[in-house]
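# Structural features, examined
Spelled out, the chains give:
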Amino acid sequence: MKETTKTSRTAGYLEKMFRALNRDFFNGEIEEPIITIQSTPRTYGHVTVGRTWKRKNDWRHELNLGAETLERPIEAVTATMIHEMVHLYNIAHNVQDCSRGGSYHNKKFRDEAERRGLVISHHEKYGWTITEPSEQLIDYIITQGWTEIAMNRGGGWTPPPSTGGKAGAGGTEAGTEDKPRKSSTRKYVCPKCGQSIRATKAVNVICGDCMEKMVEA
């Protein structure tokens, strides 16, 4: 896959991820939004309750991923995207999954999110919003061959300040993680041909083409 070092390429990559997740985790039920990459220092992502983007003759919701958070491990970025997709799914089904101006996530959000490959924990201020990928989701990401996004606004990813502000509807609030999480996956590369694989744990694996032991990158 070409490196995601341009915004156009990164946006296309995120759209590809959305379509696969919609197909495999939501049975294709979510109307495709306009995916944006904007600075959202208070959140990892957000969606809009209303359809705010016009495309030809129809209007679409916005799903934004914070420009400062793209360089996180790919499983964290994917988990944020599914988090926002759950909000879109609930909006379409008239399920109120947030209160307090869209910042407090209730158990309806938690239950739907955990059916979609996420692990959700409780935050004292923001409710059931702390979002992590399940082992099922990590295995899925490995199968898809998705890799980290190679661009980020700013000098590198740091946790956004926990100000509790609202960025659109159903934002994934920042400050629910104290520090960047290390990737839950490992990358192994054949030293001869360069073929690579990912695994969720340390493994001993041989390249089937070269019969060389693959090494962790």
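Residues numbered from 1 in each chain as written. Predicted model: local features only at pLDDT ≥ 70, side-chain atom pairs only at ≥ 80, totals over all residues. Heavy atoms only, no water.

Looking up the protein in an unreviewed UniProt entry gives the name SprT-like domain-containing protein, with the organism given as Intestinimonas massiliensis.

### A few points about the pairing of strand 2 (residues 43–47)
Counting buried positions along strand 2 gives five out of five residues, so the element sits mostly inside the fold. Sheet topology note: the strand 2/strand 5 (residues 62–66) ladder contains three bridges and is antiparallel. The residue bridging Val47 from the neighbouring strand is Leu63, located in strand 5. (Buried < 20%, exposed > 50% of the residue type's maximum accessible area, 1.4 Å probe, protein only. Helix = DSSP H or I, 4+ residues; strand = E, 2+ residues; numbered from the N terminus. Pairing = 2+ DSSP bridges.)

### Let's talk about the state of the cysteines
Following the criterion strictly, the structure yields zero disulfides and no others. The thiol of Cys210 is unpaired, and the distance to the nearest cysteine sulfur, on Cys193, comes to 3.7 Å. (Disulfide = S-S within 2.5 Å.)

### Observations concerning the packing of helix 1 (residues 7–25) against helix 2 (residues 74–92)
Closest axis-to-axis distance for the helix 1/helix 2 pair is 11 Å, and the angle between their directions is 60°. Comparing their axes, helix 2 and helix 1 come out oblique. In terms of crossing hand, the pair formed by helix 1 and helix 2 is right-handed. Between helix 1, through Tyr13, Leu14, Met17, Phe18, Leu21 and Asn22, and helix 2, the contact on the second element is made entirely by Ile74, Val77, Thr78, Met81, Ile82 and Met85. Each residue belonging to the contact of helix 1 with helix 2 can be placed in one class, and the counts come to 10 nonpolar, two polar and no charged. (Axes fitted to C-alpha atoms, helices over the stretch in contact; angles between N-to-C directions. Parallel < 35°, antiparallel > 145°, perpendicular 65-115°, else oblique. Left-handed = near helix turned anticlockwise from the far one by under 90°. Contact = heavy atoms within 4.5 Å. Nonpolar A, V, L, I, M, F, W, Y, C, P; charged D, E, K, R; others polar.)

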